[in-house]
Amino acid sequence: MDAVPGLAVVDDFPRECLALVVDTSRSGQRVTGILDALIRLRSKPATVVSDNGTELTSMAVLKWCQQTDVDWHDIQPGKPMQNAFVASFNGSFRDERLNERLFTSLSEARSQITEWKGDYNRNRPHSSLGSLTPSEFAIKMASRKQAA
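Fair warning: this is a prediction, and the values are worked out from it, not measured in the lab.

Time to look at the overall build of the protein chain. Within the protein chain, the regular secondary structure consists of five helices and four strands. Reading the protein chain from its N terminus to its C terminus gives the helix and strand order β-β-α-β-α-β-α-α-α. Taken against the 2.2 N^0.38 rule, which gives 15 Å for 148 residues, the C-alpha radius of gyration of the protein chain at 16 Å falls within 12% of a compact globule. Dimensions along the principal axes, computed over C-alpha positions, put the protein chain at roughly 45 × 40 × 30 Å. The 148 residues of the protein chain split such that 38% are buried. Residue pairs in contact within the protein chain that sit at least 24 positions apart in sequence constitute 53% of those at least 6 positions apart. Averaged over its 18 positive side-chain charges, the protein chain has a centre that lies 5 Å from the centre of its 18 negative ones.

And the structure:
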């Protein structure tokens with residue numbers, strides 16, 4: 001199966017994976033549609049940090065940034081440590097799911113990757129989050145924000 005390895009959208013603050021998309025192709029319009037859906041569910045980010053994939057440097061993304069007033073920061077080519085947490089996340093995802101499975105269909109890949117994302121968010125505490133999982137930390141921060 002020829003599938004694009006994935007578009008990972010991770011909120012650095014709670015370390016939560018908001019989207020992990022696998023498909024046969026990925027356009028700038030698809031990326032902005034995913035970001036719009038996430039904004040409707042969560043909130044608008046001040047900044048998006050990304051690598052320099054063609055879909056992430058497209059006119060669709062530039063137009064989206066202008067329309068949403070979201071700053072977009074591209075890391076330097078070959079410098080994944082400029083987005084260190086996501087580079088680490090992608091490494092874990094690759095090691096634990098992509099390198100461990102041979103997917104026979106896009107449907108199977110999506111199912112397995114969705115399962116991994118759920119496990120990552122709900123069952124893996126992070127020392128940097130006070131030993132909470134990303135989902136627990138996000139809920140805790142949202143309740144603090146509402147109380148303020």
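Next, the rest of the story.
As a further point, take the nonpolar core. The biggest cluster of nonpolar side chains holds 16 residues, and the ones touching the most others in it are L7, V9 and W72. Every element with two or more residues in this core is listed here: β1 (4–11), β2 (16–23), α1 (28–41) and α2 (59–68). Sorting elements by how many residues they give to this core places α1 first, with four residues. Grouped together as the second largest cluster of nonpolar side chains are 14 residues, L20, F93, A109 and I113 included.

Taking 1.5 Å per residue as the helical rise, α1 with its 14 residues ought to reach 20 Å, and the 20 Å between its terminal C-alpha atoms agrees with that figure. Restricting attention to buried positions, one finds in α1 the residues G28, V31, T32, I34, L35 and L38. In an axial view of α1, the angular spread of the buried residues amounts to 155°, which keeps them on one side of the axis. Residues of α1 that are exposed and point more than 90 degrees away from the buried face comprise Q29, R40 and L41.

Turning our attention to the packing of α1 against α2. At a minimum axis separation of 8 Å, α1 and α2 run at an interaxial angle of 30°. If you check the angle between α1 and α2, you find them roughly parallel. Only A60, V61, W64 and T68 of α2 make contact with α1, whose side of the interface consists of G28, Q29, T32, L35, D36 and I39. Across the contact of α1 with α2, the residue classes tally to five nonpolar, four polar and one charged.

Counting across every chain of the model gives seven salt bridges. Across the pair R124 and E96 runs a salt bridge whose closest N-O atoms are separated by 2.5 Å. Of this pair, R124 sits in the loop between α4 (106–123) and α5 (134–147) while E96 sits in helix α3 (residues 84–98), and the two are 28 residues apart along the sequence. For R124, the salt bridge identified is with D119, shortest N-O distance 3.1 Å. Looking at R124, the relative accessible area reads 22%, which means it is partly exposed. Each of D23, R30 and R110 takes part in a single network of salt bridges with overlapping partners.

Here is what the cut-offs are and how they apply
Residues numbered from 1 in each chain as written. Predicted model: local features only at pLDDT ≥ 70, side-chain atom pairs only at ≥ 80, totals over all residues. Heavy atoms only, no water. Helix = DSSP H or I, 4+ residues; strand = E, 2+ residues; numbered from the N terminus. Rg over C-alpha atoms; globule rule 2.2 N^0.38 Å. Buried < 20%, exposed > 50% of the residue type's maximum accessible area, 1.4 Å probe, protein only. Contact = heavy atoms within 4.5 Å. Lys, Arg positive; Asp, Glu negative; His and termini not counted. Charge placed at Lys NZ, Arg CZ, Asp CG, Glu CD. Core = buried A, V, L, I, M, F, W, Y, C linked by side-chain atoms within 4.5 Å. Expected span 1.5 Å × (residues − 1). Arc of directions from axis to C-beta. Axes fitted to C-alpha atoms, helices over the stretch in contact; angles between N-to-C directions. Parallel < 35°, antiparallel > 145°, perpendicular 65-115°, else oblique. Nonpolar A, V, L, I, M, F, W, Y, C, P; charged D, E, K, R; others polar. Salt bridge = Lys/Arg side-chain N within 4 Å of Asp/Glu carboxyl O.

Shape descriptors only; they carry no functional weight alone.
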